Amino acid sequence: DQQVKQNSPSLSVQEGRISILNCDYTNSMFDYFLWYKKYPAEGPTFLISISSIKDKNEDGRFTVFLNKSAKHLSLHIVPSQPGDSAVYFCAASGDDYKLSFGAGTTVTVRA
Amino acid sequence: GAVVSQHPSRVICKSGTSVKIECRSLDFQATTMFWYRQFPKQSLMLMATSNEGSKATYEQGVEKDKFLINHASLTLSTLTVTSAHPEDSSFYICSATSGLNSYEQYFGPGTRLTVT
């Protein structure tokens, strides 16, 4: 049973524009959320996270928004750059510190 | 900081043999390490959690006798796929946390296992 869902398998965006990646979760016990970036044949690298006590966290070009009532979070990347082309995974965790991952969204930034 | 390595990066083995994959935290002590498996175009699925010096905790549906995990030190965990079969072919990734009660995991580069 997939507790974290990324319903868009792919996203194509022009360089300089905003990329918006969405993630939904079903487990109300999740209280910490993370976004990871992954290149082919490599492990995921941590991007940004947010605790359930916040609704927004910003780090440079990356901003994560959390809507607890809707069990929804999103990652905004602005401006998008060619190096941002990768697979982005949303992950969620509860008090056991285990991560549940979404299926990923492949982002392609067009020049 | 927070670098995790895996060895080997790729391995091809014959059906019925066993394969060992190493996961090392290079610049920090990893109290907890996790092992994941990723099928093509799918999510990372947690297989097991290992704490240094204790037995690993396996997720439901993961055969502990098939996937042997040893976390002998604070910088090394190993996953041994015993009597490998073609359906075990997958991308195996480990991660480590640098402290207690830490949500943020640092991932290794992964190991591509192909069983022929």
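In what follows, the structure referred to is the one given above.
Residues numbered from 1 in each chain as written. Chains lettered and ligands numbered in written order. Predicted model: local features only at pLDDT ≥ 70, side-chain atom pairs only at ≥ 80, totals over all residues. Heavy atoms only, no water.

A. Structural context of the overall build of chain B. Of regular secondary structure, chain B possesses zero helices and 11 strands. Its helices and strands in sequence order give chain B the pattern β-β-β-β-β-β-β-β-β-β-β, from N to C terminus. Taking 13 Å as the expected radius of gyration for a compact globule of 116 residues, we find that chain B reaches 13 Å, a close match to that expectation. Restricting the contact set of chain B to residue pairs at least 6 apart, pairs at least 24 apart contribute 54%. For chain B, the exposed area adds up to about 5700 Å²; of that, 51% sits on carbon and sulfur atoms. Side chains of chain B give 10 positive and 9 negative charges; the mean places of these two sets differ by 8 Å. (Helix = DSSP H or I, 4+ residues; strand = E, 2+ residues; numbered from the N terminus. Rg over C-alpha atoms; globule rule 2.2 N^0.38 Å. Contact = heavy atoms within 4.5 Å. Areas by Shrake-Rupley, 256 points an atom, 1.4 Å probe, with all protein chains shown as cover. Lys, Arg positive; Asp, Glu negative; His and termini not counted. Charge placed at Lys NZ, Arg CZ, Asp CG, Glu CD.)

B. Layout of the pattern of salt bridges. Counted by the stated rule, this structure contains four salt bridges over all chains. With a shortest N-O distance of 2.8 Å, Arg61 of chain A and Asp84 of chain A are connected by a salt bridge. Here Arg61 of chain A, found in the loop between strand 6 (56–59) and strand 7 (62–67), pairs with Asp84 of chain A, found in the loop between strand 8 (72–77) and strand 9 (86–93); they are 23 residues apart in sequence, far enough to count as distant. Exposure remark for Asp84 of chain A: the relative accessible area of 2% places this residue in the buried category. Lys66 of chain B is the partner of Asp88 of chain B in a salt bridge, and the nearest nitrogen-oxygen pair spans 2.9 Å. You can see Asp88 of chain B sitting in the loop between strand 8 (76–81) and strand 9 (90–97) and its partner Lys66 of chain B sitting in the loop between strand 6 (57–58) and strand 7 (67–73), a full 22 residues away along the chain. (Salt bridge = Lys/Arg side-chain N within 4 Å of Asp/Glu carboxyl O. Buried < 20%, exposed > 50% of the residue type's maximum accessible area, 1.4 Å probe, protein only.)

C. Main features of the sheet that holds strand 3 (residues 19–25) of chain A. Residues and elements named next belong to chain A. Spatially, five strands are ordered 1-3-8-7-6 in an open sheet, and the strand pairing comes out antiparallel. Lying at the two open borders of the sheet, with one neighbouring strand each, are strand 1 (4–5) and strand 6. Relative to strand 3, strand 1 runs antiparallel, the two sharing two bridges. Note that in strand 3 the partner of Lys5 across the bridge is Asp24. (Pairing = 2+ DSSP bridges.)

D. Inspection of the interface of chain B and chain A at higher detail. Listed per partner, the contact involves 20 residues of chain B and 21 residues of chain A. Here chain B meets chain A over a buried area of about 1700 Å², counting both sides, of which 61% is carbon and sulfur. Of all residues in chain B, Tyr103, Glu104 and Phe107 of chain B give up the largest surface area on contact with chain A, accounting jointly for 37% of the area buried on that side. Close ionic contact of Glu59 of chain B with Lys98 of chain A constitutes a salt bridge, the shortest N to O distance being 2.7 Å. In this assembly, chain B and chain A are joined by nine residue pairs in polar contact (both at pLDDT 80 or more). Here the side of chain B that touches chain A is composed, by residue class, of nine nonpolar, nine polar and two charged. (Buried area = accessible area lost by both parts, 1.4 Å probe. Polar contact = N/O pair within 3.5 Å; in protein donor to acceptor, adjacent residues only side chain to side chain. Nonpolar A, V, L, I, M, F, W, Y, C, P; charged D, E, K, R; others polar.)

E. Here's a closer look at the environment of Thr31 of chain B. The residue Thr31 of chain B is located in the loop between strand 3 (19–25) and strand 4 (32–38) in this model. Between the C-alpha atoms of Thr31 of chain B and Thr114 of chain B, which are 83 residues apart in sequence, the distance is 30 Å.

F. Expanded view of the side chain of Lys37 of chain A. Residues and elements named next belong to chain A. Mapped onto the elements of the fold, Lys37 is located in strand 4 (residues 32–38). Among the polar contacts made by the side chain of Lys37, one reaches the side chain of Tyr39 at a distance of 3.0 Å. In terms of polar contacts, Lys37 uses its side chain to reach the backbone carbonyl oxygen of Gly83, at 3.0 Å. When sequence neighbours within four positions are dropped, the list of residues in contact with Lys37 reads Gly43, Pro44, Thr45, Leu47, Gly83, Asp84, Ala86, Val87 and Tyr88.

G. Here's a closer look at the packing of aromatic side chains. According to the stated counting rule, one finds 13 aromatic pairs over all chains in the structure shown. For the pair Tyr97 of chain A and Tyr103 of chain B, a centre-to-centre distance of 4.8 Å together with 50° between the ring planes defines the contact as tilted. On the criterion of chain membership, the pair formed by Tyr97 of chain A in the loop between strand 9 and strand 10 (99–101) and Tyr103 of chain B in the loop between strand 9 and strand 10 (106–107) is interchain, its members lying in two chains. With relative accessibility at 21%, the residue Tyr97 of chain A sits in the partly exposed group. Look at Tyr103 of chain B and you get buried, because its relative accessible area is 17%. Within the aromatic cluster, the residues linked to one another by ring pairs are Tyr36, Phe46, Phe89 and Phe101 of chain A together with Tyr36 and Phe107 of chain B. (Phe/Tyr/Trp six-rings, centres within 6.5 Å; stacked < 30°, edge-to-face > 60°.)

Purely spatial values, then, with no claim about function.
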